[in-house]
Amino acid sequence: MSFTLPHHASLLLVAVATACRGGDPRPAADSHGGTLVISAPADADVLLPPLTLNITSAEVDGQIFERLAEPGASLNTIGDAGWTGRLARGWTWSADSLSIAFTLDSAARWHDGTPVRAGDVRFTYQLYTDPAVSSPLRPLLANIDSVTTRDSLTAVVWFHQRAPEQFYNAAYVMYILPAHLLAAAPRDHLASSSFARDPVGSGPYHFVRWVPRQSIELAADTVYHHGRPNLDRLIWSIAPDPNAAITRVMTGEADMVEFLRPPDLAEITKHADLKAVRYPSLGMSLLLFNERDPRHAGKPHPIFSDRTVRRALAMSVDRARLVKSVFDTLAWVAVGPVTHALPTYDSTIAQLPFAPDSARRLLDADGWRARGDSGWRSKNGQPLRFSILVPASSTPRLRMAVLMQEMFRAVGARVDLEQTDFPTYVQRQESRQFDASMVAVQLDPTPSSIRQSWSSAAARARDSGNFGSYENPAFDALVDSAVTQTRPDAAHALYRKAYAMLIADAPAIWLFEPMNFAGMQRRIHPKGMRADAWWAQLDQWSIPVAERTARDRVALARNKP
Amino acid sequence: MARFLARRLAQGVVIVWLVATATFALLHLAPGDPVSASLDNPLTPPEVRAHWRHTYGLDRPLGVQYVRYLAGVAHGDFGFSVPHRESVAAVLAEAVPNTLLLMGAALFAAFAVGMAIGIAQARRRGALDRGLGFATLLVYSVPEFWLALMMMLVFAYRLRLFPVTGMFDPVMHPYFGFWGRLRDVGWHLALPATTLALLGAAVVARFQRAAMLDVAHQDFIRTARAKGVPERGIVLRHQWRNALLPVITLLGLALPALLGGAVFVEKIFAWPGMGLLTVDAIGTRDYPLVTGSVIVGSALVVAGSLLADLLYAAADPRMRES
């Protein structure tokens, strides 16, 4: 589908009409204009996608730079179903499926006016995979052999082997970068390069200014190749204190705060000019058991290496009551290592029931007997006593740990809470120095990332993501089968079997999946808030003309860098 | 005077070195490092973490790191901040002026208001003294973060007189002229500076009142009064000047106290100063930035102490002679 972008007479700059393929039609010209001020909890670290680590940077990067294609709301990662072209106008698979040729949009321009070319895609791949750059995303490109250019607008991505997530690996992981501006930058000091503070991309918004720990401002690229974005300006205004962040939205100083805590949600409803907008989430929390002894490297944990004990402990936790107590109705009980937003989610996956009597019988049968008046259990002189590591910065996790302490006590398990600051928590987890840990994870859109957290290979690798050292060859086999399935329904069925096996083995107790709410002014009309990136379609958010305030009317022309 | 200054500066260098060394050692004793705090995603591969640790010299023995750090500091290089991806000097260069602006405004207001209250209390014993005494005690007893939140609630949220947070209006500031920008910063400075000033003024007032009462019955006051010096002159030229010494001592102590006290205020009002920067750096185990902040902070304390000594000498001729 093609159409022409209308002209907006009130703009000082001329919005050049461009052809746009795929996606939703652009709205009428009067939807152009307005400023969105986002109250952000932290400043960006660096505005260079291969090295971006924090969420604010990711949000800003997502407006300045573009991927080759974007996934749909279903977040399908198998094949290319549901994907729409972004920098790429289209793509063709080779007959043997070992390469994909991406045809770039000939209208795409870097913000300095230089056309985007296939050489930029090749350069980007080389940059992401250069060991000197040391991008945390490099392992996700492991299946890509090389990127070549067929002509100035066609980049061909070659793969080592056929895999269902080839397209995801090629299109999603990399934001395409300008070779002409970065080729000469020293690879081992890219993070401190001037580009990382003053980036040039090809996305819907161009960089205007960054005042460290204060604000980041972007302005609409009026000649953006998919059509002019609706909002004139995007400003991330930093407010580290959560109370101040929400107060700024209530006073109208900011237009939105991306995450509302339960008390904030109650407060928002008292303001007629504000609204809470729910969006899908990939976040979840769990109580992870360490199956290796933290005090004796290489030895099994005296309590958690026993599957029966883990299952008994899982059955002693009333997760529904926990979630109700801490979140009321603002979170779901987690069904396993998957959230509602993923296509592999299934609410019917078999769960271990809350059954404290059965848990006690299991422990009795396994030799963990209650001793003395206290009722604490032990087996062969080993008390059923362990500690739960909790980051003190997380109130919900701390409250859950306290409630679980009491639930475990009811079946004769004695639990100590270890609160630590966040870096200590991360270090203890990385070095596997814990008995049990309250973990919060942000899942990858791809279900295959489950291997990094639960596979036997990850358990044996030092410093890997399988901190609990869970190992089960049957689980590995199921996941290996799932990741090679090219039919989504077959892959999803295998993933669900793997989830069920994991839940039955109880290497963790999956606790809750929070509902994400953003707080925003009613005049803001959001669109397409995806689970992996609520900001994915910020260029299509709008503010109706009649509801604009003084700051929405600042002329865009004055904003040119 | 030159020898005095040289000696105090030498002492200051030793103090700053000792503080920096202790900070360096204590930080490295704590678990975690800047890389584990930054690359906290479990999916980050181990070789990437190792490469980052190597790049930033975190894989070297502690002694080597310490010597390299000191050598760098001697050359004006405070190291590289991993979370900020910038040199520590650049990060501090952005934060120090903001803190000095906030502290300067707060100190000026705290001492001006505090001394005025103290003098008024000493002169008008009775209901005014008791009322102001109660008010200053109340403010002094209030936790900083609570006072900051209340200021925000009343003046920013309810009355909408001042902005909630930040150092300037992120939307309009770039488009103001010079005076407009100055007014914008002043408008944003009002609540955090007033919060800090109120806390400081409460302390200054109590010191000033006690010092004024101490000298009120001394012989030179009685003599001045007997000579027919007007009451206003007695208070300002004789009583107040002689009651200044404890307040000057307080000024030297107020600098580090304000630096520490500003942490909460900076966090709540999102003021991008050193206090907030240092606390965040501790949280992310940003060793070079914490040590750099401590060096700058201790240098400010030394400077404050030196300033107090100089003011002492200016206020009291006996100090100049000694």
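1. Some details on the pattern of salt bridges
Residue and element names in this part refer to chain A. Under the criterion given, the structure shown has 40 salt bridges over all chains. One salt bridge connects Asp435 with Arg295, and the closest N-O pair in it is separated by 2.9 Å. One end of the pair, Asp435, is in the loop between α11 (422–430) and β20 (436–442); the other, Arg295, is in the loop between β13 (283–289) and α7 (307–315), with 140 residues separating them in the sequence. By relative accessible area, Arg295 is classed as exposed at 56%. Of the charged contacts, one joins Arg451 and Asp480 as a salt bridge, the two residues approaching to 3.5 Å between their closest N and O atoms. Placement of the pair is Arg451 in helix α12 (residues 450–454) and Asp480 in helix α14 (residues 473–483), with a sequence separation of 29 residues.

2. With respect to the interface of chain A and chain B
Between chain A and chain B, the residue contacts involve 58 residues of the former and 52 residues of the latter. Summed over both partners, the interface of chain A with chain B comes to about 4400 Å²; 60% of that surface belongs to carbon and sulfur atoms. Considering only the side of chain A, the residues that lose the most area to chain B are Arg213, Gln214 and Pro423 of chain A, jointly responsible for 15% of the buried surface there. The interface formed by chain A and chain B contains four salt bridges. In this structure, Arg53 of chain B and Glu430 of chain A form a salt bridge, with 3.8 Å as the shortest nitrogen-oxygen distance. Our count for the contact surface shared by chain A and chain B stands at 14 residue pairs in polar contact (both at pLDDT 80 or more). Put simply, the parts of the chain that give the side of chain A that touches chain B at least two residues each are β1 (35–40), β8 (205–211), β9 (215–220), β10 (233–238), α5 (242–250), α11 and α12 of chain A. Per-element tally for the side of chain A that touches chain B: the top contributor is α11 of chain A, with six residues.

3. Observations concerning the nonpolar core
Judged by nonpolar contacts, the single largest core of 105 residues is most densely connected at Leu36, Leu48, Leu218, Trp236, Trp534 and Trp541 of chain A. Looking at which element gives the most residues to this core, the answer is helix α13 (residues 287–315) of chain B, with seven residues. No fewer than three residues from each of domain 1 (27–46 + 57–63 + 203–255 + 523–559) and domain 2 (69–182) of chain A sit in this core. Ignoring any residue separated from it by four or fewer positions in sequence, one finds Trp541 of chain A in contact with Leu36, Asn230, Leu231, Met256, Met520, Ile524, His525, Pro526, Lys527, Met529 and Trp534 of chain A. Met315, Leu398 and Ala506 of chain A together with Val171 of chain B belong to the second-largest nonpolar core, a separate cluster that totals 57 residues.

4. Some remarks on the sheet that holds strand β5 (residues 99–104) of chain A
Residue and element names in this part refer to chain A. Taking strand neighbours across the sheet as the criterion, the four strands line up as β4-β5-β7-β6 in an open arrangement whose pairing is antiparallel. Strand pairing shows two members of the sheet lacking a second neighbour, β4 (88–93) and β6 (144–151), which therefore form its edges. Between one strand and the next, the sheet's axes are offset by a mean angle of 20°, whatever the strand orientation. Strand contacts of helix α2 (residues 118–129): β5, β6 and β7 (154–159), with the helix running at about 165° to β6, the strand carrying the most contacts.

5. With respect to the pairing of β9 of chain A
Residues and elements named next belong to chain A. Among the six residues of β9, six are classified as buried, and the element is accordingly described as predominantly covered. Here β8 pairs with β9 via six bridges, running antiparallel. Residue Val211 lies in a different strand from β9, and its bridge partner there is Ser215. Hairpin connection, β8 to β9: the antiparallel pair is bridged by three residues, and Arg213 has positive phi, about 65°.

6. Some words on unusual backbone geometry
Residue and element names in this part refer to chain A. The backbone of Asn380 shows a phi angle near 50°, a positive value even though the residue is not glycine. Here Asn380 is to be found in the loop between β16 (377–379) and β17 (382–383). Its identity as a non-glycine residue notwithstanding, Ala506 has a phi of 50°, on the positive side. Under the relative-accessibility criterion, Ala506 is labelled buried at 0%.

7. Topic: a nonpolar patch on the surface
Residue and element names in this part refer to chain B. On the surface, a nonpolar cluster with roughly 320 Å² of combined accessible area is contributed by Leu153, Val154, Leu159 and Leu161. Along the chain, Val154 turns up in helix α7 (residues 144–158). A relative accessible area of 34% means that Val154 is categorised as partly exposed.

8. Things to note about the environment of Leu265 of chain A
All names here are of chain A. Structurally, Leu265 can be placed in helix α6 (residues 262–268). The class of Leu265 is buried, set by a relative accessible area of 12%. Spatially, the C-alpha atoms of Leu265 and Gly519 are 7.7 Å apart, while their sequence positions differ by 254 residues. Sequence-distant contacts of Leu265, that is, excluding residues within four places in its chain, are made with Leu260, Ala276, Leu330 and Phe517.

What counts and what doesn't
- Residues numbered from 1 in each chain as written.
- Chains lettered and ligands numbered in written order.
- Predicted model: local features only at pLDDT ≥ 70, side-chain atom pairs only at ≥ 80, totals over all residues.
- Heavy atoms only, no water.
- Salt bridge = Lys/Arg side-chain N within 4 Å of Asp/Glu carboxyl O.
- Helix = DSSP H or I, 4+ residues; strand = E, 2+ residues; numbered from the N terminus.
- Buried < 20%, exposed > 50% of the residue type's maximum accessible area, 1.4 Å probe, protein only.
- Contact = heavy atoms within 4.5 Å.
- Buried area = accessible area lost by both parts, 1.4 Å probe.
- Polar contact = N/O pair within 3.5 Å; in protein donor to acceptor, adjacent residues only side chain to side chain.
- Core = buried A, V, L, I, M, F, W, Y, C linked by side-chain atoms within 4.5 Å.
- Domains from an automatic or database assignment.
- Pairing = 2+ DSSP bridges.
- Axes fitted to C-alpha atoms, helices over the stretch in contact; angles between N-to-C directions.
- Patch = residues over 30% accessible without salt bridge, like charges linked within 9 Å, V, L, I, M, F, W, Y side chains within 5 Å.
- Areas by Shrake-Rupley, 256 points an atom, 1.4 Å probe, with all protein chains shown as cover.

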